[in-house]
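The primary structure of each chain is shown beneath.
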Amino acid sequence: MKRILILNGPNLNLLGKRQPEIYGTIPFEVFFEQLKKQFPQTQLEYFQSNHEGDLIDKLQQADGRFDAVIFNPAAYTHTSIALRDTVSAIEIPVVEVHISNIHEREDFRKISYIKDVVKFRVIGKGLAGYKEALEKILLEIEG
Ligand code: DQA
């Protein structure tokens, strides 16, 4: 059984309430329960933090304990060399996910410090993007 960590960065604990016109109306915990039911053969864990260091710790700890990470670094995508270094440093594949289409928003959101160190990216597909990322990474690691 493959183990996949879904890791969300700052303010994604507010999903459902936060700018619903951009991020939708479903809290991540609700979506995550649905996802677990859709992937009964996969061991899924979810972790969210508003703190850069906690995300770094979680990525470091995930290495060797999980088979892959689906990571939405939220605003840290556009600022964090530290998170990029962690993604580069760990051995397991990391997939970058964004709920909104960061290419069609403010210019500062077009920059991703992790884009060239991740396995692939799923952008602008709402919460369904996490499911797509999961399906694709499972195909890759299950061979
Ligand atoms: C986000 C896009 C980021 O620009 C923003 O800071 C977020 C969420 C997304 O999922 O669309 O917090 O990563």
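Scroll up for the structure.
Note that this is a predicted model, so its numbers are computed, not measured.

Undergrad: Outline the overall build of the chain, supporting the account with residue identities and numerical values.
TA: Per the secondary structure count, the chain includes five helices and five strands. In sequence order, the chain lays out its α and β elements as β-α-α-β-α-β-α-β-β-α. At 14 Å, the chain has a C-alpha radius of gyration in line with the 15 Å of a compact globule built from 143 residues. Overall, the C-alpha framework of the chain stretches about 40 × 30 × 25 Å when taken along its three principal axes. Split into buried and exposed, the 143 residues of the chain put 47% on the buried side. When contacts within the chain are restricted to residue pairs at least 6 apart in sequence, those whose partners lie at least 24 apart make up 76%. Within the structure as shown, the chain displays about 7200 Å² of accessible surface, and the carbon and sulfur contribution to it stands at 48%. Each charge class in the chain can be summarised by its mean position, and for the 18 positive and 20 negative side chains these summaries are 3 Å apart.

Undergrad: Any chance you could break down the environment of Glu-135 for me, citing the residues and the numbers?
TA: Its place among the elements puts Glu-135 in helix 5 (residues 128-142). Sequence-wise, Glu-135 and Asp-116 are 19 residues apart; in three dimensions their C-alpha atoms are separated by 21 Å.

Undergrad: Describe the pairing of strand 1 (residues 2-8), listing the residues and the values that go with them.
TA: The side chains of a regular strand alternate, residue by residue, between the two faces of the sheet. Where burial is concerned, most of strand 1 is hidden: five out of the seven residues are buried. As defined by bridge partners, strand 1 adjoins strand 2 (residues 42-48) across seven bridges and the pair is classed as parallel. Within strand 2, the residue paired with Leu-7 across the bridge is Phe-47. Two strands pair when backbone bridges link them, and strand 1 and strand 3 (residues 68-72) are joined in this way by five bridges, in the parallel orientation. Residue Leu-7 lies in a different strand from strand 3, and its bridge partner there is Phe-71.

Undergrad: Pulling in residues and values, what's your account of the packing of aromatic side chains?
TA: One pass over the structure, following the stated rule, counts five aromatic pairs. Centroid distance Phe-28 to Tyr-130: 4.8 Å. Interplanar angle 65°. Geometry classified as edge-to-face. Of this pair, Phe-28 sits in helix 2 (residues 28-38) while Tyr-130 sits in helix 5, placing them 102 residues apart in sequence. Classification of Phe-28 by relative accessible area gives buried; the value is 0%. Aromatic pair Phe-32 and Tyr-46: ring centres 5.6 Å apart, planes at 40°, arrangement tilted. Of the two residues, Phe-32 sits in helix 2 while Tyr-46 sits in strand 2, which places them 14 residues apart along the sequence.

Undergrad: Provide a residue-level description of the sheet that holds strand 2, including the pertinent values.
TA: As summarised here, the arrangement of the five strands in space is 2-1-3-4-5, forming an open sheet in which the pairing is parallel. Among the strands making up the open sheet, the edge pair consists of strand 2 and strand 5 (121-123). Neighbour-to-neighbour, the strand axes of this sheet turn through a mean angle of 20°, independent of strand direction. The strands touched by helix 2 are strand 1 and strand 2; relative to strand 2, the strand with the most contacts, the crossing angle is about 170°. In the packing of helix 5 onto the sheet, contacts are made with strand 1, strand 2, strand 3, strand 4 (94-98) and strand 5, and the angle to strand 1 comes to roughly 145°.

Undergrad: Hey, could you go over the site of the ligand for me, with residue numbers and the actual values?
TA: The immediate surroundings of the ligand are formed by Arg-18, Tyr-23, Asn-72, Ala-74, Ala-75, His-78, His-98, Ile-99, Ser-100, Ile-102 and Arg-109. Within the contact set of the ligand, an oxygen atom lies 3.0 Å away from a side-chain nitrogen or oxygen of Arg-18. Within the side chain of Ser-100, one N or O atom sits 2.6 Å away from an oxygen atom of the ligand. Here the ligand has 320 Å² of accessible area as a free molecule, and 99% of this is covered by the chains. Among the residues forming the shell around the ligand, the class breakdown is five nonpolar, four polar and two charged.

Definitions and cut-offs
Residues numbered from 1 in each chain as written. Predicted model: local features only at pLDDT ≥ 70, side-chain atom pairs only at ≥ 80, totals over all residues. Heavy atoms only, no water. Helix = DSSP H or I, 4+ residues; strand = E, 2+ residues; numbered from the N terminus. Rg over C-alpha atoms; globule rule 2.2 N^0.38 Å. Buried < 20%, exposed > 50% of the residue type's maximum accessible area, 1.4 Å probe, protein only. Contact = heavy atoms within 4.5 Å. Areas by Shrake-Rupley, 256 points an atom, 1.4 Å probe, with all protein chains shown as cover. Lys, Arg positive; Asp, Glu negative; His and termini not counted. Charge placed at Lys NZ, Arg CZ, Asp CG, Glu CD. Pairing = 2+ DSSP bridges. Phe/Tyr/Trp six-rings, centres within 6.5 Å; stacked < 30°, edge-to-face > 60°. Axes fitted to C-alpha atoms, helices over the stretch in contact; angles between N-to-C directions. Near = heavy atom within 4 Å. Polar contact = N/O pair within 3.5 Å; in protein donor to acceptor, adjacent residues only side chain to side chain. Nonpolar A, V, L, I, M, F, W, Y, C, P; charged D, E, K, R; others polar.

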